[in-house]
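So the chains spell out like this:
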Amino acid sequence: MFHLETEVDKERRALLFRRLRDDNTSRSPHMSALRGAPEADEVPLDVWALDAEGRLAAGLAARTWARWLHLELLWVDPAHRGSGLGARVLAEAERVAREDRSCTRSRVETWDFQAPGFYRKQGYEVRGRVDDFPPGVTEFTLTKEL
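Because the structure is a prediction, the values reported are computed rather than measured.

### Notes on the pattern of salt bridges
Inspection of every chain in the model, using the stated rule, returns 16 salt bridges. A salt bridge links R63 to E42; the shortest N-O distance between them is 3.4 Å. Here R63, found in strand β2 (residues 56-65), pairs with E42, found in the loop between α2 (29-34) and β1 (43-50); they are 21 residues apart in sequence, far enough to count as distant. Of the residues examined, E42 reaches a relative accessible area of 48% and is grouped as partly exposed. The partner of R107 in a salt bridge is E109, and the shortest N-O contact between them spans 2.4 Å.

### Considering helix α3 (residues 85-101)
Relative to the 24 Å expected for 17 residues at 1.5 Å per residue, α3 spans 23 Å between its end C-alpha atoms, a close match to the ideal helical length. Of the positions making up α3, those classed as buried are L85, G86, V89, L90, A93, E94, V96 and A97. For α3, the elements touching its buried residues are β1, β2, β3 (68-76), α4 (116-121) and β6 (138-145). Once α3 ends, the next one or two residues include S102, with phi positive near 60 degrees.

### Thoughts on the nonpolar core
Core analysis: the biggest nonpolar cluster contains 22 residues, and L60 and L71 have the highest contact counts within it. If you list the elements that add at least two residues to this core, you get β1, β2, β3, α3 and β6. At six residues, the largest contribution of residues to this core is made by α3. Setting aside anything within four residues of it in sequence, one finds L71 in contact with L60, A61, A62, L90, S106, R107, V108, E109, Y119 and Y124.

Each value, and the rule that gives it
- Per chain, residues are indexed from 1 in the order of the written sequence.
- Reporting of local features is limited, given that this is a predicted model, to residues whose pLDDT is at least 70; pairs of side-chain atoms are given and counted only at 80 or more, and all residues count toward the totals for whole chains, interfaces and linings.
- Each side-chain value is derived from all of the structure's non-hydrogen atoms; neither hydrogens nor water enter the calculation.
- The salt bridge definition used is simple: a Lys or Arg side-chain nitrogen within 4 Å of an Asp or Glu carboxyl oxygen.
- Where helices and strands are cited, they refer to DSSP runs of H or I of at least four residues and of E of at least two residues respectively, numbered from the N terminus.
- Three labels apply to residues, based on accessible area from a 1.4 Å probe with only protein chains included: buried if under 20% of the type maximum, exposed if over 50%, partly exposed otherwise in between.
- Every helix has an expected span of 1.5 Å times one less than the residues it contains.
- Any two residues having at least one pair of non-hydrogen atoms within 4.5 Å are treated as being in contact.
- Residues enter a nonpolar core if they are buried and are Ala, Val, Leu, Ile, Met, Phe, Trp, Tyr or Cys, with the set joined through side-chain atoms within 4.5 Å.

Given below as structure tokens:
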């Protein structure tokens with residue numbers, strides 16, 4: 001018999017992560033080769049665009065891992081949308097990932113009402129879609145060769 005709990009438990013979550021990582025490492029030669037390599041560490045990558053007064057005009061939060069850039073957040077102030085600022089911020093993140101962290105690919109998830117067209121213009125290709133996530137919205141996964 002098992003007792004099920006639904007509380008958030010940081011220690012158990014960390015244990016779960018370690019056990020899954022260990023299982024993945026033992027079952028995949030690719031994951032095993034990655035383990036301990038410099039690119040195995042997840043490293044945050046942020047890019048900030050500040051206006052003349054030092055206010056945030058755009059920002060990007062991402063991380064690099066296994067020679068991939070994973071874009072998590074990209075926002076441009078409405079006053080600066082359409083100016084190319086978002087493309088500049090994205091290009092800088094890709095440059096740092098490619099030149100400083102040896103990344104060869106990038107990925108992003110975005111909703112249909114957000115920016116799939118923007119990412120396509122930047123060379124990203126749709127690799128997947130999930131309809132009704134959340135209900136009434138489509139989520140896209142896009143990737144790009146760096």
